[in-house]
Amino acid sequence: MSDTSSEHGSDDDMLSHAPCLLEEMVREVDELVGDGAFGIERLYRAGMGGMRKTSVRSLYWKIFLGELSTPLPKEKPAALLARWTEEIDRKRAGYAALKEKHTVNPIQDVDDDDEDALAIDNPLSDHKDSLWSVYFKQEQIVREIEKDLNRMSADDTSLYERPDVKKFLRNVLKTFALENLETGYRQGMHDVLSAFAYHFYHNAHSLAIAPPELRKRCRQSASCPEILSLIDLTIPIEPEHLEADAYLIFDALLNSPSTNLKSWYKVVKRGSSEETPIQRLCTRLQSTILPCYNSKLATHLHKHGVEPAVYALRWFRVWFIREFDVKGSAPLWDAVLCEVLYNRTNGEEKRKVYEQTGMTPLEMGVLPLIGAAMLHFIADDLMERDFSGTLKRLMKYPPVEDVGVFVDKAIEWSGNAELQKHIAKPDLVSASPPSPLANHNNNTTTRARSVAGPPQQPQNNSSAKPSYVTLNASRTAVAPSSSSAPFPGESAKFGSSSSYESYQDMQIREMVANEHELAGKLQRIVDTFQDRWFEHEKNDRTDEERTKAQEAYLIAIAELKQVKDTLMGAIAPSPEEQRQKQEQWTAAQRAKDHEESAARKQTLNQQKATLSRKLPPSLTG
């Protein structure tokens, strides 16, 4: 990573104040693989709560998702270092090749001596496969990514404002989108990648600031010299290696058969009854899982017509980052990613089950159970609220001191004995009041004590009393506020005029933004043409400057054509678009005519009925 202040941003960057954790990193990796007696249970123990304060989270995640192969039993650190070096070098080279594959320069890539190529690859060409068309399509993807990166919010916003980190995120998302054209880039992907960026950069920072004398001392204190070499290899400080590793782990999460997170971003045609995988997961959370462990709450949500997708889509799509921020949600990620490793290691025995259900191990694992645990722990508060209040609470989850309790409860409910025995449980204490919400009218975080017992059995009787568990003093304390910010979609649910107006405002803002974008592009074109026009007066230009001016001139011509195409598309719709609009108008007109006819008929019948009551029976008969 560069040491320049311009690269790293302002002095208030959180990384600039982060301590050097090299000694802790060496100790953790030494305990994991240093004695040559590695066992898979060490990774399970870490994922189930043993790495809450880890200094090498990025290393664990790489193993969980398979970017790094799992260490072998009795494998010495020197052998592991050699094996991982070969794997990482090969995979990083593969990412570099992907970036090169998707880097398009329509000026430099065209062969000026090939007339056939020039007929297609010129700024005014309408050919869909021309280099200029490809270039502008890629630029459109980058603009969509930039919009999300510019409004990204997290607990360490200064990190995401750094130019080098923005470039890192943009490159990874662009490469993924171009390599997965059937999905492309979808909003929310940047949030998932931001979690990897956060932990990658924080772990790398500890290595980057370690003084030479500390490195020497750590190398000597480790069980073998290869421990520090393993850390240097798997937690790089070079920007290109950070970016490559992030892409590999991001791609593994979205494309791996055991996760298939990419399917969650599937777009369904408007009006289609098809349910996407993530919508199916939300429905399963509230309709299938929650009734097994808290039937009263499930009934309450059903009674008030709470749609699970309204709140659970937000939870699952970005893995709880918007509820607990990137740092706070890390233990939830640890558990879910650790289960990915477990499923990969023991996947064959469950493969047929997943094939029969059509769901991935991720959808049938601990992730939805974490969502159920989150509902369970605020059940008392939700049960006291009406529809509006319930949605407000679900859309603004109360503060949580340690989200680890959700993992503990989810693993307990999962019935996975192998993972259950590795949960990092605190000391047991005596019981306190049975509610996890000690003071739900207080806005400050409270503490409650708990009793840990055997896993609760599913409740088959809807009238059975839900079994609440309270929180341990060393774990979570949640205190919901009864006066939280209003749910942003609530007015839309009731169709209020303010919601419609805000939607109109959004459309107007988007239209103005598009117009400003076109205006900015036209301004650049005009400036380029002016510079080209008066170029003969600038005899002091170097050859390099003249080449750049020539390239800018060609890009300006291509952009001018793009502006023309945009305006023509807006002014003169295609025949197919005109036909669709005509059909929509005709259908709307017919529906309106039908309603008016039905209203006239109803009015006539009412008039007849009134008249018949007033006339003598002899006349009405």
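Residues numbered from 1 in each chain as written. Predicted model: local features only at pLDDT ≥ 70, side-chain atom pairs only at ≥ 80, totals over all residues. Heavy atoms only, no water.

**Q** Is there a simple way to think about the layout of surface pockets in this case?
**A** Any space left empty among the atoms is revealed by the rolling of a water-sized probe across them. Size it by volume and the largest pocket reaches roughly 1100 Å³. For the largest pocket, the lining is made up of 40 residues, of which Met 51, Arg 52, Lys 53, Thr 54 and Arg 57 are closest to its centre. At the level of elements, α2 (22-34), α3 (40-50), α4 (57-64), α10 (189-208), α17 (321-328) and α18 (330-345) are the ones that each hand at least two residues to the lining of the largest pocket. Counted by class, the lining of the largest pocket contains 17 nonpolar, nine polar and 14 charged residues. (1 Å grid on protein atoms, 1.4 Å probe; cavity = no way out; pocket = protein on both sides within 12 Å on 5 of 7 lines; lining within 4 Å. Points joined across faces, edges and corners; volume = space filled by probe spheres on them. Helix = DSSP H or I, 4+ residues; strand = E, 2+ residues; numbered from the N terminus. Nonpolar A, V, L, I, M, F, W, Y, C, P; charged D, E, K, R; others polar.)

**Q** So what exactly am I meant to see when it comes to the packing of aromatic side chains here?
**A** Each aromatic ring pair is characterised by the separation of its centres together with the angle its planes make. Enumeration over the complete set of coordinates arrives at 19 aromatic pairs. Look at Tyr 135 and Phe 136: their rings are 5.3 Å apart centre to centre, the planes differ by 65 degrees, and that puts the pair in the edge-to-face class. Arranged with centres 5.6 Å apart and planes meeting at 50 degrees, the rings of Phe 377 and Phe 406 form a pair that is tilted. Pair noted here: Phe 377 is in helix α21 (residues 366-377) and Phe 406 is in helix α24 (residues 404-414), with a separation of 29 residues, a long-range link. Considered together, Phe 377 and Phe 406 belong to a single accessibility category, that of buried residues. The rings of Tyr 311, Trp 315, Phe 324, Phe 377, Tyr 397 and Phe 406 are connected pair by pair, giving a single aromatic cluster. Just above the ring of Phe 200 sits the side chain of Lys 62; from NZ or CZ to the centre is 4.9 Å. (Phe/Tyr/Trp six-rings, centres within 6.5 Å; stacked < 30°, edge-to-face > 60°. Buried < 20%, exposed > 50% of the residue type's maximum accessible area, 1.4 Å probe, protein only. Lys NZ or Arg CZ within 6 Å of the ring centre and 35° of its normal.)

**Q** Explain the nonpolar core to me, please; I cannot follow it from the model alone.
**A** Side chains that are nonpolar tend, in soluble globular proteins, to be buried together. By size, the foremost hydrophobic cluster in this structure holds 132 residues, and its most contacted members are Phe 196, Phe 250, Trp 264, Tyr 311, Phe 316, Trp 319 and Phe 406. Ranked by residue count, the leading element in this core is α10, at 11 residues. (Core = buried A, V, L, I, M, F, W, Y, C linked by side-chain atoms within 4.5 Å.)

**Q** Honestly, α2 in this entry has me stumped. Any pointers?
**A** An α-helical turn contains 3.6 residues, so any two residues separated by three or four positions project in the same direction. Taking 1.5 Å per residue as the helical rise, α2 with its 13 residues ought to reach 18 Å, whereas the 16 Å between its terminal C-alpha atoms falls clearly short. Among the residues making up α2, those that are buried are Leu 22, Met 25, Val 26, Glu 28, Val 29, Asp 30, Leu 32, Val 33 and Gly 34. The inward-facing, buried residues of α2 contact α3, α4, α5 (77-101), α10, α11 (212-221) and α12 (226-234). Directly after α2, the chain includes Gly 36, whose backbone phi takes a positive value near 70 degrees. (Expected span 1.5 Å × (residues − 1). Contact = heavy atoms within 4.5 Å.)

**Q** Is there a simple way to think about the side chain of Arg 42 in this case?
**A** Within the fold, Arg 42 resides in helix α3. Residue Arg 42 is classed as buried on the basis of its relative accessible area of 18%. Among the polar contacts made by the side chain of Arg 42, one reaches the main-chain carbonyl oxygen of Glu 31 at a distance of 3.0 Å. For Arg 42, the contacting residues outside a window of four places in its chain are Glu 31, Leu 32, Val 33, Asp 35 and Ala 37. (Polar contact = N/O pair within 3.5 Å; in protein donor to acceptor, adjacent residues only side chain to side chain.)

**Q** Is there a simple way to explain the pattern of salt bridges in this structure?
**A** As enumerated under the stated definition, the model contains 22 salt bridges in all. Residues Asp 408 and Arg 52 are paired through a salt bridge, measuring 3.9 Å at the closest nitrogen-oxygen approach. Of this pair, Asp 408 sits in helix α24 while Arg 52 sits in the loop between α3 and α4, placing them 356 residues apart in sequence. Residue classification places Arg 52 among the partly exposed positions, given a relative accessible area of 22%. Residue Asp 245 is joined to Arg 92 by a salt bridge in which the shortest nitrogen-to-oxygen separation is 2.8 Å. With Asp 245 in helix α13 (residues 239-255) and Arg 92 in helix α5, this pair connects stretches of sequence that are 153 residues apart. On the basis of relative accessibility, which here comes to 0%, the residue Asp 245 falls in the buried class. (Salt bridge = Lys/Arg side-chain N within 4 Å of Asp/Glu carboxyl O.)

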